[in-house]
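Report on the structure
If you want the building blocks of each chain, they are given just below.
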Amino acid sequence: MAKNKKGLKERLKYLKPMLMNIIEPFKIIIKDPLGRIGAVILSIIVLIAIFAPVLATHNPNIMNERIEGSVIPFDEDGNWSNYQIIGEKPLNEVAVGLEYELAVADGGFIYEREIDGDWIEYDLGQDLDFLAAAVYQDFKLVGGEAGLILFQNEDGNWEQLDTPVDTNINDIYLFSRDSAYAVGDNGTFLSWNGQEWSQIDSGTERNLREISFISPDDGIIVGDRGTIIHYRDDQLEEPSFRAFTDATFRDLLAVSYYNENQAIAVGERATIMVYDGEDWYTDDSGASRSLNGVIHISENEAYAIGLRGTILKYDGENWETIDRITRRDYRGITFAMDRGYIYGVEPYVNELAPPSGDHLFGTTHLGRDIWSQVMYGTRTALMVGIIAALVVNLIGATVGLIAGYYRGNIDNVLMRIVDIMYGLPLEPFAIILVLIFEPSLWIIIMAIGLLTWRTNARIIRSQVLSLVERPFIKAARVAGASDLRIMLIHITPNILPLAFLQLAVAMGYAITAEATLSFLGLGPPQIYSWGTILHSARLSGAWRTAWWWVIPPGLFISVTVVSVFLISRSLEVLTNPRLRGGRDNAPEPEEPKNLLPNEQPNN
């Protein structure tokens, strides 16, 4: 037993120089100021990679939607103002009065302001959507789901009015404090006399969407499946059509009744129905998307709005599509007192949003969070960089060690192979591998590892050629040590510092190569890396304008490569003695204890 322990101690003595050579580079990095900076930066990158799921604020694959209540003001001259956000909930209707403006939204939100004042938000805590709003002087009504109708009392509080229905109230038309009408789902048609709401038989069970009047005794109601009802002198009249087409039976979502000879109703699939005082007929605007609102500005000017930012202008005869202000889905349009609003909007994909509190690095053209993609991309970059560098070092060190030790024909053959490898460019080589197999990170690692070990092999070989002429190697041969023992026990510990330096250099090269190959589309599209993020930006065509999509991954690539460069630069002192004392920040050399460092005991 005692003999075995003694043998184990003797064997462990062989590992001591190797362990010392592994620790030595870390000491040099810590002593060098720039090396410390590189180590700190690389450590931060490693921590980001480890905690990427925690640091990512969104799922990088999810298309993020933006929900907001917004308006686009315009005046009677057709002057459009900037897009304004007044709340966090989509607006369903905006009413314009002489002194007040009133807006209602999903989730029980009401917005009110005096003319030229600021919007005031009311959160009524209702788990219902408000769908309709009307204002007359300082009298305000809002309607919503489940037959809910509220009015604002003198104290500014909202009180509920009793209604005879529990269906959704889709629109309210207010003439005075004592006269108003409301329409809703399932043919709901209500009248207000200043005291109570009473129900009027609409003669239909279809959903009624909007009502428009030119006087208290003359109005038009539109609804689903082409429903059009004339309400005149307290009587309901069926409309007259010039001809029946497919558009005649589509859902009508809005109506604007300007005078006895002119009314326009719009609806799904860009349906436009025009009333000329006698008949309704279908008009063609050239649009294809659903229209959610229409309003007259004058007899020869009207606007219709709809999905994907559609705005149509009517000049009394023809429709013209005017330039989009946004590409969002508008919910309606209103105009009164020489001012109007386009309002809404439907929840939309938050595409190409610049950096903000919600998205630190902005979003892509599909609304995906770039910050989260960059965080997950850090994992990919480090994984490829470390594994590829290990592969490069393993192949290069082995080839260099064998070539330098045996020299002669073996050296010639291996160095000719290295020369051939120098003639193979990385990108075409990687493309061939992808064509043979399929895009994956392992293909990228294989391409980098199989092609870039050549420089390591030459550098290690030159070091080995020098070492084999040292006396301690000759002494080992005289003592009868085998070639394998000499290479592993006597030479390998002395090339470890150089291998460590080449490992850092190879890692920086591998990270850059991975980003380049992924940028060219050779990486797996389902895995985020800094290169694939840049590749997506280029494919989208938005990389020239969406700077926030390009700069963050580019900065991460640069910072990581620079940190690795600083580390490798500090290690040059270990392998190039002439730098000792020639560089101001180089660590001071230690006095060697032996003329032949890492000399091993000979058997």
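The protein chain has the name ABC transporter permease subunit in an unreviewed UniProt entry, where Halonatronomonas betaini is given as its organism. Taken from UniProt, the Sequence similarities (unreviewed entry) comment for the protein chain reads in full: "Belongs to the binding-protein-dependent transport system permease family." UniProt, in its Subcellular location (unreviewed entry) section for the protein chain, records the words "Cell membrane".

1. Points about the UniProt feature "transmembrane region" (unreviewed entry) in the protein chain
Using the residue numbers shown here, the UniProt feature "transmembrane region" (unreviewed entry) corresponds to residues 36-56, 381-406, 429-453, 495-520 and 546-568. As a span, residues 36-56 carries 90% helix and 0% strand, and end to end its C-alpha atoms are 28 Å apart. Helix makes up 96% of residues 495-520 and strand 0%, and the two end C-alpha atoms of the span are 36 Å apart.

2. Overview of the sheet that holds strand E8 (residues 130-136)
Read from one edge to the other, the open sheet built from 4 strands follows the order E8-E9-E10-E11, with strand pairing classed as antiparallel. With partners counted over all chains shown, the strands left at the sheet margins are E8 and strand E11 (158-161), one partner each. Here the strands of the sheet are splayed against their neighbours by 25° on average, with no regard to which way each runs. One ladder, built from 3 bridges, connects strand E9 (residues 139-144) with strand E10 (residues 149-152); its direction is antiparallel. Pairing of Gly143 across the sheet is with Ile149, part of E10.

3. A short note on the packing of helix H2 (residues 33-50) against helix H4 (residues 370-406)
Direction vectors running N to C along H2 and H4 enclose 115°, while the axes themselves pass 8 Å from each other. As judged from the angle between their axes, H2 and H4 are roughly perpendicular. In the packing of H2 onto H4, the handedness of the crossing is left-handed. Where H2 abuts H4, its residues Leu42, Ile45, Val46, Ile48, Ala49 and Ile50 lie against Met375, Thr378, Arg379 and Leu382. Class assignment for the residues of the contact of H2 with H4 results in 8 nonpolar, 1 polar and 1 charged.

4. So, the pattern of salt bridges
Once the charged atoms of two side chains with opposite charge are near each other, the side chains can pair. Counted by the stated rule, this structure contains 17 salt bridges. As a salt-bridge pair, Lys140 and Glu112 come within 2.4 Å of each other at their nearest N and O atoms. Of this pair, Lys140 sits in strand E9 while Glu112 sits in strand E6 (residues 109-114), and the two are 28 residues apart along the sequence. Of the residues examined, Lys140 reaches a relative accessible area of 4% and is grouped as buried.

5. Looking at the environment of Gln463
In this structure, Gln463 sits in helix H8 (residues 454-467). In this structure the C-alpha to C-alpha distance between Gln463 and Leu291, which are 172 residues apart in sequence, comes to 77 Å. If we ignore the near neighbours within four places in the chain, the residues touching Gln463 are Asn494, Ile495 and Leu498.

Cut-offs applied
Residues numbered from 1 in each chain as written. Predicted model: local features only at pLDDT ≥ 70, side-chain atom pairs only at ≥ 80, totals over all residues. Heavy atoms only, no water. UniProt positions renumbered as here; feature names shortened; annotations may be inferred. Helix = DSSP H or I, 4+ residues; strand = E, 2+ residues; numbered from the N terminus. Pairing = 2+ DSSP bridges. Axes fitted to C-alpha atoms, helices over the stretch in contact; angles between N-to-C directions. Parallel < 35°, antiparallel > 145°, perpendicular 65-115°, else oblique. Left-handed = near helix turned anticlockwise from the far one by under 90°. Contact = heavy atoms within 4.5 Å. Nonpolar A, V, L, I, M, F, W, Y, C, P; charged D, E, K, R; others polar. Salt bridge = Lys/Arg side-chain N within 4 Å of Asp/Glu carboxyl O. Buried < 20%, exposed > 50% of the residue type's maximum accessible area, 1.4 Å probe, protein only.

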